[in-house]
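Summary of the model geometry
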Amino acid sequence: MPFVCLTDFQAQARERLSKTTWDYIEGGAGEGFTKEDNIAAFKKIRLRPRYLKDVSEVDTRTIIQGEKISAPICISPTGFHCLAWPDGEMSTARAAQAADICYITSTYASCTLEDIVATAPRGLRWFQLYVQRDRQLNKQLIQRVESLGFKALVITVDVPITGNRRHDIRNQVDLKTNLLLKDLRSPKESSGPCLQMSSIDPSNCWDDLSWLQSITQLPIILKGILTKEDAELAVKHNVQGIIVSNHGGRQLDEVLASIDALTEVVAAVKGKIEVYLDGGIRTGNDVLKSLALGAKCVFLGRPILWGLACKGERGVEEVLNILKNEFHTSMTLTGCRSVAEINRDLIQFSRL
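Residues numbered from 1 in each chain as written. Predicted model: local features only at pLDDT ≥ 70, side-chain atom pairs only at ≥ 80, totals over all residues. Heavy atoms only, no water.

**Side note on the overall build of the protein chain**
Heads up, the condition is: To qualify as a helix, a DSSP run of H or I must reach at least 4 residues; to qualify as a strand, a run of E must reach at least 2; elements of each kind are numbered from the N terminus. Radius of gyration: C-alpha atoms only; globule rule: 2.2 Å multiplied by the number of residues to the exponent 0.38. For every residue, the accessible area (1.4 Å probe, protein chains only) is compared with the maximum for its type, and the residue is labelled buried under 20%, exposed over 50%, or partly exposed between those bounds.
Along the backbone of the protein chain there are 14 helices and 12 strands. Expected size for 352 residues packed as a compact globule is a radius of gyration near 20 Å; at 19 Å, the protein chain falls within 12% of this value. With respect to the principal axes defined by its C-alpha atoms, the protein chain has extents near 65 × 50 × 40 Å. Sorting the 352 residues of the protein chain into buried and exposed places 55% on the buried side.

**Considerations on the layout of surface pockets**
Any empty space left between atoms is shown by rolling a water-sized probe over those atoms. Stated precisely, the cut-off is as follows: Lining residues are defined by having an atom within 4 Å of a point belonging to a cavity or pocket. Those points lie on a 1 Å grid over the protein atoms alone, cavities being sets where a 1.4 Å probe fits but cannot get out and pockets being open sets with protein on both sides within 12 Å along at least five of seven lines. Grid points are joined across faces, edges and corners, and a volume is the space filled by probe spheres set on the points. Under this grouping Gly is polar, as are all residues other than the nonpolar Ala, Val, Leu, Ile, Met, Phe, Trp, Tyr, Cys and Pro and the charged Asp, Glu, Lys and Arg.
Estimated volume of the second largest pocket: approximately 550 Å³. Taken together, 28 residues make up the lining of the second largest pocket; nearest its centre are Val 157, Asp 158, Val 159, Pro 160 and Gly 224. Counting only elements with at least two residues in the lining of the second largest pocket, the list comes to strand E7 (153–156) and strand E8 (220–225). With 3 residues, E8 is the single largest residue contributor to the lining of the second largest pocket. Per-class residue counts for the lining of the second largest pocket are 17 nonpolar, 8 polar and 3 charged.

**With respect to the side chain of Asp 253**
Note the following rule: Working convention for charge: Lys and Arg count positive, Asp and Glu count negative, and His plus the chain ends are omitted. When a carboxyl oxygen of Asp or Glu is within 4 Å of a side-chain nitrogen of Lys or Arg, the pair counts as a salt bridge. Pairing of N or O atoms within 3.5 Å defines a polar contact, subject to two protein rules: one partner must be a possible hydrogen donor and the other a possible acceptor, and residues neighboring in sequence count only if both atoms are side-chain atoms. Working rule for contacts: check all heavy atoms of both residues, and any pair within 4.5 Å makes them a contact.
Relative to the elements of secondary structure, Asp 253 occurs in the loop between strand E9 (241–244) and helix H11 (258–269). Arg 166 provides the closest opposite charge to the buried, unpaired Asp 253, separated from it by 6.6 Å. Within polar-contact distance, the side chain of Asp 253 engages the backbone nitrogen of Gly 32 at 3.3 Å. In this structure Asp 253 touches Ala 29, Gly 30, Glu 31, Gly 32, Phe 33 and Thr 34, once residues within four positions along its chain are discounted.

**Considerations on the nonpolar core**
Applicable threshold: Among buried residues, the Ala, Val, Leu, Ile, Met, Phe, Trp, Tyr and Cys ones that are joined through side-chain atoms within 4.5 Å form a nonpolar core.
Ile 73, Trp 126, Leu 129, Ile 242, Leu 320, Phe 327 and Ile 342 are the most contacted members of the largest nonpolar core, which totals 110 residues. The leading source of residues in this core is helix H14 (residues 313–334), at 7 residues.

**Quick notes on the pairing of E7**
Where we set the bar: We call two strands paired when DSSP finds no fewer than two bridges between them. Seen with its strands pointing away from the viewer, a crossover is right-handed when the path leading from the first strand over the helix to the second is clockwise.
A two-sided burial pattern is seen for E7, the buried positions comprising Leu 153 and Ile 155 on one face and Val 154 and Thr 156 on the other. Here 3 bridges tie strand E6 (residues 124–129) to E7, and the two strands are oriented parallel to one another. Looking at E7, one finds that Leu 129 is bridged to Ile 155. Remark: the E6/helix H6 (residues 135–147)/E7 crossover connection has right-handed handedness.

**Thoughts on H11**
Under the convention used in this document: Multiplying 1.5 Å by the residue count of a helix minus one yields the expected span of that helix.
End to end, H11 covers 16 Å across 12 residues, agreeing with the expected 16 Å (1.5 Å per residue, within 8%). Positioned one or two residues after H11, Lys 270 has a phi angle of 55°, which is positive.

**Some details on the environment of Asn 171**
Looking at the secondary structure, you find Asn 171 in the loop between helix H7 (166–170) and helix H8 (175–178). If we skip the residues at most four places from it in the chain, Asn 171 touches Lys 19, Thr 20 and Asp 23.

**Some remarks on the packing of helix H12 (residues 284–292) against H14**
Short version of the rule: Throughout, an axis means a line fitted to C-alpha atoms (over the contacting stretch in the case of helices), and angles, computed between N-to-C directions, take values from 0 to 180 degrees. An angle counts as roughly parallel when it lies under 35 degrees, as roughly antiparallel when it exceeds 145, as roughly perpendicular when it falls between 65 and 115, and as oblique in every other case. Helix crossings are classified by the rotation of the near helix relative to the far one: an anticlockwise turn of less than a right angle makes the crossing left-handed, while a clockwise turn makes it right-handed.
Where H12 meets H14, the axes come as close as 7 Å, and the angle between the chain directions of the two elements is 60°. The angle between the axes of H12 and H14 places the two elements in the oblique class. The element H12 and its partner H14 pack so that their crossing is right-handed. Here Gly 284, Asn 285, Val 287, Leu 288 and Leu 291 of H12 come into contact with H14, specifically with Leu 323, Glu 326, Phe 327, Ser 330, Met 331 and Thr 334. Of the residues that constitute the contact of H12 with H14, the class distribution is 6 nonpolar, 4 polar and 1 charged.

**Things to note about the pattern of salt bridges**
Summed over the entire model, instances satisfying the criterion amount to 13 salt bridges. Across the pair Asp 23 and Lys 19 runs a salt bridge whose closest N-O atoms are separated by 2.7 Å. Of this pair, Asp 23 and Lys 19 both sit in helix H2 (residues 19–26), 4 residues apart, roughly one helical turn. Judged by its relative accessible area of 58%, Lys 19 is exposed. Bridged by salt links that share partners, the residues Glu 26, Lys 35 and Glu 36 form one connected network.

Right under this line is the structure:
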């Protein structure tokens, strides 16, 4: 039977992957409340379609950080894609290039940055950085991604420490010793065997952004912002974008669902910087609702890994195409001929 929606890939991926790998990909922090709420919160929003509009031509294209993409549906940074498919991030990168959308490559990719770029040289790539204790290592990574043509630097701010992921603790998951983190090796170690995961710097704070800005010309995006207070600080510190995200519910449980946090963040930045969203996107309607509440683009995490686990590169392409087609349908049936026409009037919050 054909895959017709993203949850079809979820069901198949669960059958294909080992329990430990599945738990690692799917697991949330704590009781998993936020992970589930990310999805459920979208169902509290209703659509208000407008009819008798000429929707014979509907254009899903948009622009993020000055770069054109085919639709406001891109790929979040997730690590260790080789857990899902042998070619790992190289398959993901090729699928993103074919779909003409942005792929944020994780610090904890299981393929080298050079291999990822070589396999999809025309793809739009951003790089996600977990700021490490070793400043020289941070600087080397940033210089590498600049030289390789990455177009933005995404700083994850919500992981001063790892969240309480019960499944991984029960399964005794130890990615530090089981996987090779090729991009966290210094040049002298580049031919060595295995380097354990470098330590994320828990002291990283707002004042450190100026140092990062001093060593790169890339636009800086902060991933993990959930409040208006932090959004205002992001603007004050001259970053170029925010990804509203709770890390897929994998960090602090019982925070706001991403879509519920979006409104206050968008209001706080007052149009000065672009705002994106990740967390809970499963349908074209979810994409439409996110844009109606002010997101410039959405990013997908787990569904990309489901597609990868099922069919590799082709599976990721199918996940992206299904969501793009659903979004096109959602736009058409609400009377939106371009993403610029998607606005707050298209939705209302359910009283249920």
